[in-house]
Amino acid sequence: MSDKEKFMQMACEIAFSKMGKTSPNPSVGAVIVKNGSVVGKGGTGVYGSDHAEVAALKDAKNSGADLNGAEIFVSLEPCSHYGKTPPCAEAIIKSGIKKVYVPILDPNPLVAGKGIRMLTDGGVEVEMMHRFSPAASDLLRGFKKYILRGRSFIINKCAVTLDGKIATSSGDSKWISSEPSRLLVHKLRSKVDAVIVGKNTFINDNPSLNIRPEDFDDDARSVFSDGNIRLSGRENFLIEQLLKAEPDPSVEPLRVLIGMPDSIAANCNFFRNDNYVIIAGERSYSKAIALNPAMKDMADKLNLFVGPDSDSDEEADFIFRVLKEKGVMHAMLEGGGGVNGAFFNSGSIDQFMYIIAPKVAGDGIPPIRGAALDKMSDSLFLHDVTTAMIGTDLLYCGYREQYNFEMM
């Protein structure tokens, strides 16, 4: 790997480290180099604060670096418009930096090549590093969907038996996958803005939906030691970095419950603080109130959004409006077969991350209870597939759409 490639790799790694903390902005990394040495680096901050390029410029300034003639490596085209902050391209021009390296154009129509033009018009040379376009794109799938369609990027995570069950017929699911695989789930939770479950998961599991690295011992962590896990299929930068990462307990994704429960236990983990929403259909809400009149008074105190009923395009639109209002760009769907099926039927699942354990249930609950198909040729074909062995389990990752990144 050349020095240029090492610096861009570093920028992409910084971008990954910021995932889950920047929405609805994309997570971006920037590295400033002078005479072959790193003099500044930074990543996107929380929404409304510094973008990666400005954070790196401030870092370089604090170190006393002279940026005249310096170079900057950025994991995404610098922005060219005024939003919550001024254009990053303008800040780069003013800094004295002479060259910018970029792997991918910004999918935001407000930028989409305009940042490159602003830089070149300002006398700054730009080089596209196409070798890193796939890696950068792996970090941008969620932002691309969010900025172009106004909808959250949905990752369906499931642990399944070899014969495709997420629970026995009685509903028992603890535990299908191994401890290392469950540790990987906590790593992923650190990188999303919300975790979504359905009513049955809420009732049966009393889930906390938080990040708990303390639950896992050194044996579970040792599975992820350098060189222990190798990817097959597509080289997915997001998965590569996820395997190396530590779960970040400081991140607490928004907890999202689809469906109105008939009752709420006093020791319910879901309601331990105010970082949650319930999104329920009118029939689900009315049924819960009819079965338990005491729920009416409780419902008035909940973060509750009541909209259209299930299995309708209107319901999907309503769910995504609520998620957008909450600033959710990436969401992990950890629901049961029913809620997974509702998202699947509406075409709303973007990424499938299935952990397949070497167990055979013989009977049980499928991961997706979707609409019936007459022909196998009508099934969803996944793209950009990556697999890896996590101890005794198989991680299988695929996407609804093949990522088409813009190049110059």
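Here we summarise the structure given alongside this text.

Parameters and conventions
Sequence order as written defines the numbering, with residues in each chain counted from 1. pLDDT decides what is reported in this predicted model: residues at 70 or higher carry local features, side-chain atom pairs at 80 or more are listed and counted, and totals for whole chains, interfaces and linings draw on all residues regardless. Each side-chain value is derived from all of the structure's non-hydrogen atoms; neither hydrogens nor water enter the calculation. A pocket, in this scheme, is an open set of points on a 1 Å grid over the protein atoms alone with protein on both sides within 12 Å along at least 5 of 7 lines, while a cavity is a set where a 1.4 Å probe fits but cannot get out; residues line either one if an atom lies within 4 Å of a point. Grid points are joined across faces, edges and corners, and a volume is the space filled by probe spheres set on the points. Secondary structure elements are defined from DSSP: runs of H or I of at least 4 residues count as helices, runs of E of at least 2 residues count as strands, and each element is numbered from the N terminus. Throughout this entry, Asp, Glu, Lys and Arg are counted as charged residues, while Ala, Val, Leu, Ile, Met, Phe, Trp, Tyr, Cys and Pro are counted as nonpolar. The remaining residues, Gly among them, count as polar. Interaxial angles span 0 to 180 degrees and are taken between N-to-C directions of axes, which are lines fitted to C-alpha atoms, for helices over the stretch in contact. For this classification, under 35 degrees means roughly parallel, over 145 means roughly antiparallel, 65 to 115 means roughly perpendicular, and everything else is oblique. By convention the crossing between two helices is left-handed if the near helix lies anticlockwise of the far one by an angle smaller than a right angle, and right-handed if it lies clockwise. Whether two residues are in contact is decided by their heavy atoms, any of which lying within 4.5 Å being enough. Accessible area is worked out with a 1.4 Å probe on protein chains only. A residue is then buried under 20% of its type maximum, exposed over 50%, and partly exposed in between. When DSSP finds two or more bridges between two strands, those strands count as paired. Think of it like this: strands point away, you trace from the first strand over the helix to the second, and a clockwise trace means the crossover is right-handed. A pair of aromatic rings is counted whenever rings of Phe, Tyr or Trp (Trp by its six-membered ring) have centres within 6.5 Å, and the orientation is called stacked for planes under 30 degrees apart, edge-to-face for over 60 and tilted otherwise. Buried Ala, Val, Leu, Ile, Met, Phe, Trp, Tyr and Cys residues that are joined via side-chain atoms within 4.5 Å together make up what is termed a nonpolar core. Starting at the helix axis, one direction is taken to each C-beta atom, and the arc is that of these directions. Between N or O atoms, a polar contact is any pair within 3.5 Å; within protein, one atom must be a potential hydrogen donor and the other a potential acceptor, and residues adjacent in sequence are included only when both atoms are from side chains.

## Points about empty space enclosed by the protein
Overall, the coordinates contain four cavities of 30 Å³ or more when judged by the stated rule. Reported here for the largest cavity is a volume of approximately 100 Å³. Along its surface, the largest cavity is lined by 16 residues, and Met19, Ile155, Leu238, His330 and Gln351 are the ones closest to its centre. Those elements that provide at least two residues to the lining of the largest cavity are helix H5 (133–149), strand S6 (153–160) and helix H9 (237–244). When residues in the lining of the largest cavity are grouped by element, the largest group, five residues, is from H5. Its residues assigned to classes, the lining of the largest cavity comprises 10 nonpolar, three polar and three charged.

## Quick notes on the packing of helix H6 (residues 179–189) against H9
At a closest axis distance of 9 Å, the pairing of H6 and H9 adopts a crossing angle of 115 degrees. With respect to H9, the element H6 is oriented roughly perpendicular. Of the two possible hands of crossing, H6 and H9 adopt the one that is right-handed. Contacts from Leu184, Lys187 and Leu188 in H6 reach Leu242, Leu243 and Lys244 in H9. A breakdown of the residues in the contact of H6 with H9 according to their chemical character gives four nonpolar, no polar and two charged.

## A closer look at the pairing of strand S4 (residues 99–102)
Here S4 shows two buried faces, one formed by Lys99 and Tyr101 and the other by Val100 and Val102. By the bridge criterion, three bridges tie strand S3 (residues 71–74) to S4 in an arrangement that is parallel. Within the sheet, the bridge partner assigned to phenylalanine 73 lies in S4 and is tyrosine 101. Summarising the sheet, S4 and strand S5 (residues 125–128) pair through four bridges and their orientation is parallel. Of the residues in S5, the one forming a bridge with lysine 99 is glutamate 125. Crossover connection from S4 via helix H4 (residues 114–121) to parallel S5: handedness right-handed.

## Things to note about the packing of aromatic side chains
Applying the stated criterion to the full structure yields nine aromatic pairs. Ring centres of phenylalanine 202 and phenylalanine 270 lie 5.7 Å apart, and the angle between their planes is 85 degrees; on these two criteria the pair is classed as edge-to-face. Separated by 68 residues along the polypeptide, phenylalanine 202 in helix H7 (residues 199–205) and phenylalanine 270 in the loop between strand S9 (254–258) and strand S10 (276–281) bring together distant segments of the chain. In this structure phenylalanine 270 comes out as buried when scored by relative accessible area, which is 0%.

## Side note on the nonpolar core
Core analysis: the largest hydrophobic core is formed by 61 residues, its most contacted members being Met8, Phe16, Phe224, Met260, Phe270, Phe271 and Met353. Examining the composition of this core, we find that seven residues originate from one element, helix H1 (residues 3–18), more than from any other. If you look at the next biggest cluster of nonpolar residues, it comprises 30 residues, including Ala70, Ile72, Leu105 and Tyr403.

## Here we look at the sheet that holds strand S11 (residues 304–307)
Spatially, the 10 strands line up as an open sheet ordered S8-S14-S15-S13-S6-S12-S7-S9-S10-S11, and their pairing is mixed. With partners counted over all chains shown, the strands left at the sheet margins are strand S8 (231–233) and S11, one partner each. The average undirected angle you get between the axes of adjacent strands in this sheet is 20 degrees. Pairing analysis gives six bridges linking strand S14 (residues 383–390) to strand S15 (residues 393–399), with the strands arranged antiparallel. When the bridges of S15 are listed, threonine 386 appears paired with cysteine 397. Here helix H12 (residues 313–325) sits on the sheet and contacts S6, strand S7 (194–198), S9, S10 and S11; the angle it forms with S11, its principal contact strand, is near 155 degrees.

## Digging into helix H3 (residues 88–95)
Residues spaced three or four apart along an α-helix face the same direction, because each turn holds 3.6 residues. Within H3 the residues assigned to the buried category are Cys88, Ala89, Ile92 and Ser95. Within H3, the buried residues cover an arc of 125 degrees as seen down the axis, which keeps them to one side. Looking at the buried residues of H3, the elements they touch are helix H2 (52–62), S3, S4 and H4. Trailing H3 by a residue or two, glycine 96 shows a phi angle of about 95 degrees, which is positive.

## Describing the environment of serine 379
Here serine 379 lies in the loop between strand S13 (351–356) and S14. With relative accessibility at 31%, the residue serine 379 sits in the partly exposed group. Sequence spacing of serine 379 and glutamate 325 is 54 residues, and the spatial spacing of their C-alpha atoms is 32 Å. From its side chain, serine 379 meets the backbone oxygen of methionine 376 in a polar contact 2.6 Å long.

## Remarks on the layout of surface pockets
Over the atoms rolls a probe the size of a water molecule, and in doing so it shows where empty space is left. The calculated volume of the second largest pocket comes to roughly 530 Å³. Residue lining of the second largest pocket: 15 residues in total, with Phe344, Phe352, Ile368, Ser379 and Leu380 positioned closest to the centre. Where the lining of the second largest pocket is concerned, the elements lending two or more residues are helix H13 (337–345) and S13. The leading source of residues in the lining of the second largest pocket is S13, at three residues.

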